[in-house]
Every structure is written in C-alpha cells, then in structure tokens.
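Chain by chain, the residues run as shown.
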Amino acid sequence: MASPAPSAQAYVGLMSGTSLDGITAVVARFPARSATRYGVELLSHVQHAYSAEQRARLRAAMREGTAREYCRVAFDLGAWLASAAAEAIAKAKIARNEIRAVGSHGHTMWHDPPHSTWQLGETAVIAERTGIDTVGDFRVADVAAGGQGAPLVPIADALLFASDDAWRALQNIGGIGNVTIVPPGGALDGMRAFDTGPGVAVTDGVVEALLPGMTYDRDGAIARKGRAIPAVVDSLLAHPYFTLPPPKSTGRELFDADYIVDVIRRCRAARPGAASEDIVATAVELTARAIAEAFARFVPEPVTEMLASGGGARHPVLIERLRALLAPRAVRRFDEVFFDGEAKEAVAFALLAKLAIDGRPGNVAAATGAGGPRVLGKIQRAPS
C-alpha cells in the first residue's frame, strides 16, 4: 500500500465477539483533545451478521477441530472480516488512501491466560482484500508479558470515554461482561478493569437450546414472561471465578455449551416443571447479579454512573435489574452519552491500531496484570 497522505487519520476497527452474532465494523477518526486524550468521530458503523453456517463453523472450531479446519477457518474469517471492512469504508464515503490502518480483533478460539491466547482471522487476507495495512493479534503481547490479555478496551475507555470530573464505570455486556473503572480525566493511574463473568452468552445459549429457531431474547420478551430461580443463581455464583480478585478474564472456555446444559439442569431440578421463560429469566438474573456482586466486591471507588454497551445493554429486563441492584449509581446506556454502543468495541480496536502504528502502548497493565506497558498488535503491510 502506498503511504497515506499526512492528513489521513481514519482507522477501521473490526470486532467479532463471544456472542457469535457477527462482525462489527467501523471507520473512525481520533482528533487529539490534549497530549493524553482523543476525541472520536464515528464515520460509519455496520453489522455483518453471521450466517447459520458461519456461526456453526466458529462454534465447532471453538470446541474441537483438525489442523486443516483451523487453517481454513482462519483464512475464511479473514475474508469475512475484509468484506465487513469494505462495507464500512463504502458507507463512510471516504477514499481508501485516507485510511491509515485496519485494526482487527479476530475471533477468540481459546483464551488461557497467563499462559496463552489465540485469535483467528488472517490479517494477511484482510490487508490483501482491502489494500490497507492491517493490525491484528493484539492480545498476545500482553499475555507474553504475564498479563491476562484482556480486557483491552480500557485504553479506549480512558483516552476516549472518561468523564472530566467524576469516576465512571464502562460496562460492556457482550457474550462476556467486562467493566472498566475510569478516574476523572481518564488518568491511567488508578484505572482498573476485569471481566465480570457472563454477558449474554448464557442467556443466548439457553434461548437456542430451549427455543429452536431463536438465537437471543429479543427485547427481553422471553425473560419478561418468566420468574427467575434465585437458588440456582446463588449456586452458579458460588463458582470460584466470581470471587477471584482482579486482574482476571474469562470466556467461553468456562461459559460453554456444557455450562448451558448445567444451567438448564439446575433450573429444572430446583423448580420441577420450570418453563423455558423461567430458565431464560434465571440466565438474565445471573448476568445482572454477577455484575452487581463484582461492583460490591471489587469497586470501592466512588463511581457515580455506569454506562452499559454491547448487546446486553439492549435487553430491557437486564438493564432494569442492573438499575435496581446498583442503585444509587445511575445506569445508562452508552448510546445516551456517546454513539451506538454496539460500535464501541470496534472503535476501541480502531484506536488500538492507531496506537500500534504510532508505537504507543495499547494495554493498561493495572487492568491486565502485565509486567508493564506494551505496544500491542502485529502489523501486516498491504501490497504496494
């Protein structure tokens, strides 16, 4: 790829999350607000839903597979990511030479910190298809430095989304939930972040298992009709992960298909004849309680508000429960303050690409437990 014009400040961000709903792609610019903080101009945002076949391939790869299958899905996913990037660029209506780089999270196949982590989605394919330098494999440098490799969004939470004068919590509720506690002004000193546990992964899994043809609880309609089973939630929250102090991260390695089966079994044992709606409501309550108990245990800072993003922020029952459990803290959707919360993580990876290109650290060591700041990501140059 030819060197971009000096004025080129746009970056593409690509995210494929643990919810397996699809790819989020954005184009964004990051004008400097100060020596340490940026603004964000979201130029475009698209959602590429996975087909049933694509979702099945990724789900199967996350559980088992051959070297041939992993090889093929890595390249195919690279093509899917490139397609989403191209759509976002077209929607942004800017020339490709105005885009400095693509930042791609890829899709997490396995996450086993502090030993290792593995994301697929071949960056060479993205760079070849888009003609734009592509940065990927962001998590490994942090894990190599003894960190959790997650969450990586905190750098964006500090540089882009901090309050000027108050402590703020930014809670992502994707497949997995993670929270960043940001001091006033976004100072990296004093920041903390960690995974709170399941986001919508358990709820979605229960819906798919019990209600064929459905993949998630649209508008909370199913949970609204059910009655959660508190004893089951209590028993699930007894898992050691929930009391493990930060820094910590988790994923579908814990909240996997076997976990979904166990949730359903526990509900039916605790309430014989439990309706599907009751089991979905119990899964929603698990996420709400996991987040609330994480705040009670691990957030002593004077946080006055939580901004919720991700698919779970669009679940009315979950948000209602969080408002009740976290009062008197205000709970608002990220959209109410910034832009569509579904774009937030992709914007973070666009920013991480910028930091990598600029040679600046992308991790927050206090959040991940790494040995120190590290420049994250491997840069794949596009063809010239």
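Heads up: these notes are all about the structure in this document. Not measured: the values here are computed from a predicted model.

Before going further, it helps to examine the environment of R29. Position of R29 relative to the elements: it lies in strand 2 (residues 22-29). Look at R29 and you get buried, because its relative accessible area is 18%. Between the C-alpha atom of R29 and that of A10, which follows or precedes it by 19 residues, the distance is 4.5 Å. R29 has contacts with Q9, A10, G39, V40, E41, L43, I94 and E98, leaving out every residue within four places of it along the chain.

Before going further, it helps to spend a moment on unusual backbone geometry. Omega for the bond connecting P113 with P114 falls within 30 degrees of zero, at 0°, which places this linkage in the cis form. Secondary-structure assignment places P114 in the loop between strand 5 (107-112) and strand 6 (116-120). Even without a glycine there, the phi angle at K93 is positive, about 60°. Here K93 is to be found in the loop between helix 2 (67-92) and strand 4 (99-104). A residue is classified by how much of its surface remains accessible, and K93, at 76% relative accessible area, is exposed. Positive phi, normally seen in glycine, also occurs at D137, with a value near 55°. Considering the arrangement of structural elements, one finds D137 in the loop between strand 7 (134-136) and helix 4 (139-144). Judged by its relative accessible area of 25%, D137 is partly exposed.

Attention now goes to the sheet that holds strand 11 (residues 305-309). On the basis of which strands lie adjacent, the open sheet formed by 5 strands has the order 10-9-8-11-12 and mixed pairing. Taken across any chain shown, the strands that pair with only one partner, and hence form the sheet edges, are strand 10 (192-198) and strand 12 (330-333). Strand-to-strand, the axes of this sheet are offset by a mean angle of 20°, without reference to chain direction. As paired strands, strand 8 (residues 168-173) and strand 9 (residues 176-182) are joined by 6 bridges and run antiparallel to one another. Bridge pairing in strand 9 places L170 opposite T180. Contacting strand 8, strand 11 and strand 12, helix 12 (residues 316-326) crosses the sheet at an angle of about 155° to strand 12.

Below, the discussion takes up the packing of helix 6 (residues 201-210) against helix 11 (residues 276-298). Two elements in contact, helix 6 and helix 11, have axes separated by 8 Å at closest approach and are oriented at 165°. Overall, the two elements helix 6 and helix 11 adopt an arrangement that is roughly antiparallel. In this structure, the crossing between helix 6 and helix 11 has a hand that is right-handed. From helix 6, V202, T203, V206, V207 and L210 reach across to helix 11, where they touch S276, I279, V280, A283, V284 and L286.

Within a regular beta strand, the side chains point alternately toward one face of the sheet and then the other, so they alternate between its two faces. Most of strand 4 is tucked away, with 6 of its 6 residues classed as buried. Examined bridge by bridge, strand 1 (residues 10-16) and strand 4 share 5 bridges and lie parallel to one another. Residue pairing in the sheet places Y11 in a bridge with A101 of strand 4. Relative to strand 7, strand 4 is paired through 2 bridges, and the arrangement is parallel. Bridging across to strand 7, G103 finds its partner in V135.

Another point: the packing of helix 1 (residues 52-63) against helix 2. Relative to each other, helix 1 and helix 2 sit at 135°, their axes nearing to 11 Å. Here helix 1 lies oblique to helix 2, going by the angle between them. Two packed elements cross with a definite hand, and for helix 1 against helix 2 that hand is left-handed. Here helix 1 contributes Q54, R57, L58 and A61 to the contact with helix 2, which in turn contributes Y70, R72, V73, D76, L77 and W80. For the contact of helix 1 with helix 2, the per-class residue count stands at 6 nonpolar, 1 polar and 3 charged.

Spatially, 3-2-1-4-7-13 is the arrangement adopted by the 6 strands of the open sheet, whose pairing is mixed. Only two strands of the sheet have a single neighbouring strand rather than two, namely strand 3 (41-49) and strand 13 (378-380). When strand polarity is set aside, the average angle formed by the axes of neighbouring strands in this sheet is 20°. Bridge count between strand 7 and strand 13: 3 bridges; the pairing is antiparallel. Bridge pairing in strand 13 links V135 to I379. Each of strand 1, strand 4, strand 7 and strand 13 touches helix 3 (residues 123-130); the most contacted strand, strand 7, lies at about 160° to it.

For the rest of this paragraph, the subject is the pattern of salt bridges. Enumeration according to the criterion identifies 27 salt bridges in this entry. The closest approach of N and O atoms between R29 and E98, which form a salt bridge, is 3.2 Å. Pair noted here: R29 is in strand 2 and E98 is in the loop between helix 2 and strand 4, with a separation of 69 residues, a long-range link. A relative accessible area of 30% means that E98 is categorised as partly exposed.

Here the focus is the packing of aromatic side chains. Summed over all chains, the structure comprises 13 aromatic pairs. Arranged with centres 5.0 Å apart and planes meeting at 90°, the rings of F161 and F334 form a pair that is edge-to-face. Placement of F161 in the loop between helix 5 (154-160) and strand 8 and of F334 in the loop between strand 12 and helix 13 (344-358) is noted, with a sequence separation of 173 residues between them. Their ring planes at 50° and their centres at 6.3 Å tell us that F242 and F255 sit as a pair that is tilted.

Scoring rules and cut-offs
- Residues numbered from 1 in each chain as written.
- Predicted model: local features only at pLDDT ≥ 70, side-chain atom pairs only at ≥ 80, totals over all residues.
- Heavy atoms only, no water.
- Helix = DSSP H or I, 4+ residues; strand = E, 2+ residues; numbered from the N terminus.
- Buried < 20%, exposed > 50% of the residue type's maximum accessible area, 1.4 Å probe, protein only.
- Contact = heavy atoms within 4.5 Å.
- Pairing = 2+ DSSP bridges.
- Axes fitted to C-alpha atoms, helices over the stretch in contact; angles between N-to-C directions.
- Parallel < 35°, antiparallel > 145°, perpendicular 65-115°, else oblique.
- Left-handed = near helix turned anticlockwise from the far one by under 90°.
- Nonpolar A, V, L, I, M, F, W, Y, C, P; charged D, E, K, R; others polar.
- Salt bridge = Lys/Arg side-chain N within 4 Å of Asp/Glu carboxyl O.
- Phe/Tyr/Trp six-rings, centres within 6.5 Å; stacked < 30°, edge-to-face > 60°.

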